[in-house]
Amino acid sequence: QIDLRGRDFVALADYTQEELYTLLKVAGSLKEKQKAGNPEQPLKGKTLGMIFEKSSTRTRVSFEVGMYQLGGQALFLSKNDIQIGRGETIEDTAQVLSRYVDGIMIRTYAHRTVIDLARAATVPVINGLSDLNHPCQALADYMTVLEKKGRLEGLKIAYIGDGNNMAHSLMMGGAKFGMNVAIATPEGYEVDADVAKQSQEFAEQHGASITLTHDPKEAAADADVIYTDVWASMGFEEEQQQREKAFQSFQVNEELAKYAKNDYLFMHCLPAHRGEEVSAGVIDGENSIIFDQAENRLHAQKAIMALTMSS
Ligand code: CP
Ligand code: NVA
């Protein structure tokens, strides 16, 4: 029996394949019950504190609604409204919040901040995006692929674009689920070498493969899933122009999609920029499952909260 009570959810690397499948199973069952009008409420009377140092639409709303649906409540704590903005340390913040709330979600810049918060907090800490990874998104994404394809193992996912937080979490998650992950980035925008090495080790354990290339066509070849993300992530806005040049031949469009399988799925964590990382035809086309992914943020995070924050 898998027991995740008290665990942090900081990176997919910290979870075994079995634990990740448990999260997906619980997410599916919570989704079904919610839709049937028979919601489960394992977090009655509990509170999630949500620290935001960056903007958000999906993360904020899905955590807040998710907590409410589970019988609890969520507090939106923007950096400018709490004392972190005036220099209170993350460790003191962690200890104080731990006396009030039953779990803390944080969206921040440096991944170190998430680690420090998790270390100092006595309640579970959930990573709602750092510069290094975005595990809640990747979990929701793999839940969505599983719903659409009926399996994960052996599928090929091609990630085309920036070697960023999304690339890292998809690579790590894909390796854990036994998928073949191909990542095509422009030169100078490769994935983090340590995350790649660690993913490679997990891929070997689970009979999967990691391919890193600078050729989008090689990555897209025979892919079951094509995934992309913005060229300039939050915090990199001033590099927008230079990145537009570097990423020019990395747009996911009808031409590139021809290399994938006919029934490929197009995925994007959103927000998206039509005409930049993806053409309107692809993102709004029949292979696109972007809104199913967005919806599953809610269900996947409810599973994370229900399993880590239950008494
Ligand atoms: N995909 C995602 O995390 O979206 P938000 O930035 O809107 O939360
Ligand atoms: N890579 C993007 C993801 C946004 C959900 C960013 O960090 O801005």
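Cut-offs and rules
Residues numbered from 1 in each chain as written. Chains lettered and ligands numbered in written order. Predicted model: local features only at pLDDT ≥ 70, side-chain atom pairs only at ≥ 80, totals over all residues. Heavy atoms only, no water. UniProt positions renumbered as here; feature names shortened; annotations may be inferred. Near = heavy atom within 4 Å. Polar contact = N/O pair within 3.5 Å; in protein donor to acceptor, adjacent residues only side chain to side chain. Buried < 20%, exposed > 50% of the residue type's maximum accessible area, 1.4 Å probe, protein only. Helix = DSSP H or I, 4+ residues; strand = E, 2+ residues; numbered from the N terminus. Pairing = 2+ DSSP bridges.

- Identification of the protein as Ornithine carbamoyltransferase from Paenibacillus aquistagni is taken from an unreviewed UniProt entry.
- As recorded by UniProt, the Pathway (unreviewed entry) comment attached to the protein reads in full: "Amino-acid biosynthesis; L-arginine biosynthesis; L-arginine from L-ornithine and carbamoyl phosphate: step 1/3."
- According to UniProt, the comment filed for the protein under the heading Catalytic activity (unreviewed entry) is "carbamoyl phosphate + L-ornithine = L-citrulline + phosphate + H(+)".

A word on the site of ligand 2
- Lining the immediate surroundings of ligand 2 are L129, H134, N164, N165, D229, V230, S233, M234 and L270.
- Interatomic distance of 2.8 Å between a side-chain N/O atom of N165 and an oxygen atom of ligand 2.
- Within the contact set of ligand 2, a nitrogen atom lies 2.7 Å away from a side-chain nitrogen or oxygen of S233.

Considerations on the pairing of strand β9 (residues 265-268)
- Because side chains alternate across β9, one face comprises the buried residues L265 and M267, and the other comprises F266 and H268, equally buried.
- Bridging between strand β8 (residues 225-228) and β9 involves 4 bridges; their strand directions are parallel. For T228, the partnering residue across the bridge sits in β9 and is H268.

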